[in-house]
Amino acid sequence: MTKYDVIIIGAGPAGIAAAIFAARGTLSVLVIDESAPAGGTVKNTHLVANYPGFPEPISGLDLTKRMFKQAKSFGAKFELAAEITDYNFKDELKWIEIDDDEKFESENIIIATGISPRRLNLPGEQEFKGSGIHYCATCDGDFYSGKDIAVIGAGDTAMEESLLLLKHVNSITFIHHGFHNLRAEKCTVDQVMDHGNVTMIWSHESQKFERDGDKLVIIAENLDTKEIVRIKRDALFIFVGMKPNSEWLKNSGVNINERGYIPTDKNCITNLKNVYAIGDIRVKKFNQITTATADGTIAALEIIQKKSCSL
Amino acid sequence: MQKYLQSSLDEVQTKSEVENLINTNDKAIICCGRNGPMCLPVYGAFEVLKEKEKYSDIKFAVMPFDVPGASIIRELPESRLFMGLPFTIYYKNGKVVGATSSIQNVKSIKATINECFS
């Protein structure tokens, strides 16, 4: 079992910032992430225009590549595309097992697992993913040029993605469980609704998805009449917000609030000794790349300070 | 040769390169996509798996979705209903033994590898 001064779980901007500060502070650092390349959700951001030091917008992938390179230059080790198969955070010496194979131990754990796009988890969703059910307009929108599609989602992302979809598709039908109101910014909603080929089906909650020949069938309940309807379209795009990646922590002893986020003190310390939470997984008001890297900085400096005091 | 995809994996661009790759490797995986958020994580996962001893007998490659040669993947019967990038095709002894569409996490990629190649 290899021992590190700190193990960081999550290789987004928060985790990488913590790795940069901790490694530069001469701590041995391991960063584990279930995906690759490093970069968290930011690597999927088309352009980042508000990160200090970059007067010209930079792609999220390029920005996080630079962060990754910087952390590696200070000696941080990375285990990417690694699945956490077991762990213990409750004891003084904590450990993590990856891929049912390698084990690593440390007295300090930093949780930086962030957030990811929410799924509806309805019957048929997984089965038709990539062949009728989609989550990215940029990636899959052009497969449906001239086609009639449905969208589930009413927030800003749903509206922005729909604007992209409208460049390709013939029509969009929004299926919404709400009653004649959308959460998204009014100006974006207006841009979408100004298209003549957009319709709304209000007060309908999707229940499952089926295929009928080349068409996808959305089976939904009319919440007013309780009638079950079958809405047949060429595809469905789902944009229903983000969820915290905290399910794996449910038996960890780390406190998680009712929405799945981790409460911490101002130094990013959780209820467990020497276990920190940083970035979007942490309860806080503003989620930005800058606030994520600030969290990473604080947690790393806190660990460095504790270690130097204990010497 | 100009590379189109943001991946350190070998990039094939023509039908003959695909045929050569699958005929000279008992186990091969070709991930056919673009540089979007659904594709990059799959390339990234393959880049990491490629370095692992357990998967050292598998040839991992990427292919740009928009090159003419990609019709060898786009027109496979296994990809007939695929509408989500990337299209990932698993070949054993030159034959298609598995195919997935859209983003896959590492856990599901490993499960597909085990299913196709064990």
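Just above, that's the structure.
Rules behind the numbers
Counting restarts for each chain: residues are numbered from 1 in the order of the written sequence. Chain labels run from A onward and ligand labels from 1 onward, assigned in the order the entries are written. Reporting in this predicted model follows two pLDDT cut-offs: at least 70 for local features of residues, and 80 or more for side-chain atom pairs to be given and counted; totals over whole chains, interfaces and linings ignore these cut-offs and use all residues. In computing side-chain values, all of the structure's heavy atoms are included and hydrogens and water are not. Helix and strand assignments come from DSSP, with helices taken as H or I runs of at least 4 residues and strands as E runs of at least 2, each series counted from the N terminus. Relative accessibility under 20% of the residue-type maximum defines a buried residue, over 50% an exposed one, and the middle range a partly exposed one, all with a 1.4 Å probe and only protein chains included. Any two residues whose heavy atoms approach within 4.5 Å are treated as being in contact. When two parts are put together, the accessible area they lose, computed with a 1.4 Å probe and summed over both, is reported as buried area. Salt bridge, as applied in this entry: a Lys or Arg side-chain nitrogen positioned within 4 Å of an Asp or Glu carboxyl oxygen. Aromatic contacts are taken between Phe, Tyr and Trp rings whose centres are within 6.5 Å, Trp giving its six-membered ring; a plane angle under 30 degrees counts as stacked, one over 60 as edge-to-face, and the others as tilted. A ring is scored as having a charge over it whenever the NZ atom of a lysine or the CZ atom of an arginine sits within 6 Å of its centre and within 35 degrees of its normal. The pairing criterion is simple: DSSP has to find at least two bridges between the two strands.

Novice: Provide a residue-level description of the overall build of chain B, including the pertinent values.
Specialist: Check the secondary structure of chain B and you find four helices and five strands. C-alpha atoms of chain B, sized along the principal axes, occupy 35 × 30 × 30 Å. Per-residue burial over chain B gives 55% buried out of 118 residues. Within chain B, counting contacts between residues at least 6 apart in sequence, those at least 24 apart form 61% of the total.

Novice: How would you sum up the interface of chain B and chain A? Please name residues and give values.
Specialist: Each partner contributes to the interface: chain B provides 25 residues, whereas chain A provides 23 residues. For the pairing of chain B and chain A, the buried interface totals around 2100 Å² over both sides, and the portion due to carbon and sulfur atoms is 59%. Counting the contacts that link chain B with chain A gives five salt bridges. Between Glu79 of chain A and Lys52 of chain B there is a salt bridge, with the nearest N and O atoms lying 4.0 Å from each other. Put simply, the parts of the chain that give the side of chain B that touches chain A at least two residues each are α2 (40-50) and α4 (106-117) of chain B. Looking at the side of chain B that touches chain A element by element, the count peaks at five residues for α2 of chain B.

Novice: Quick one: what's the story with the packing of aromatic side chains, residue by residue and with numbers?
Specialist: Summed over all chains, the structure comprises 14 aromatic pairs over all chains. Ring centres of Tyr87 of chain A and Trp248 of chain A lie 5.5 Å apart, and the angle between their planes is 75°; on these two criteria the pair is classed as edge-to-face. Separated by 161 residues along the polypeptide, Tyr87 of chain A in strand β5 (residues 84-88) and Trp248 of chain A in the loop between β18 (242-244) and β19 (275-277) bring together distant segments of the chain. Cluster of aromatic residues (ring-pair linked, three or more members): Phe143 of chain A together with Phe65, Phe82 and Phe87 of chain B. In this arrangement the basic side chain of Arg119 of chain A is found over the ring face of Tyr135 of chain A, its NZ or CZ atom lying 3.8 Å from the centre.

Novice: Outline the sheet that holds strand β11 (residues 148-152) of chain A, supporting the account with residue identities and numerical values.
Specialist: Residues and elements named next belong to chain A. Strand order across the open sheet formed by five strands is β10-β17-β11-β12-β13, with parallel pairing between neighbours. A strand with exactly one partner marks an edge of an open sheet, and here the two such strands are β10 (133-134) and β13 (198-201). Pairing of β11 with strand β12 (residues 171-175), which is carried by five bridges, proceeds in the parallel orientation. Within β12, the residue paired with Ala150 across the bridge is Thr173.

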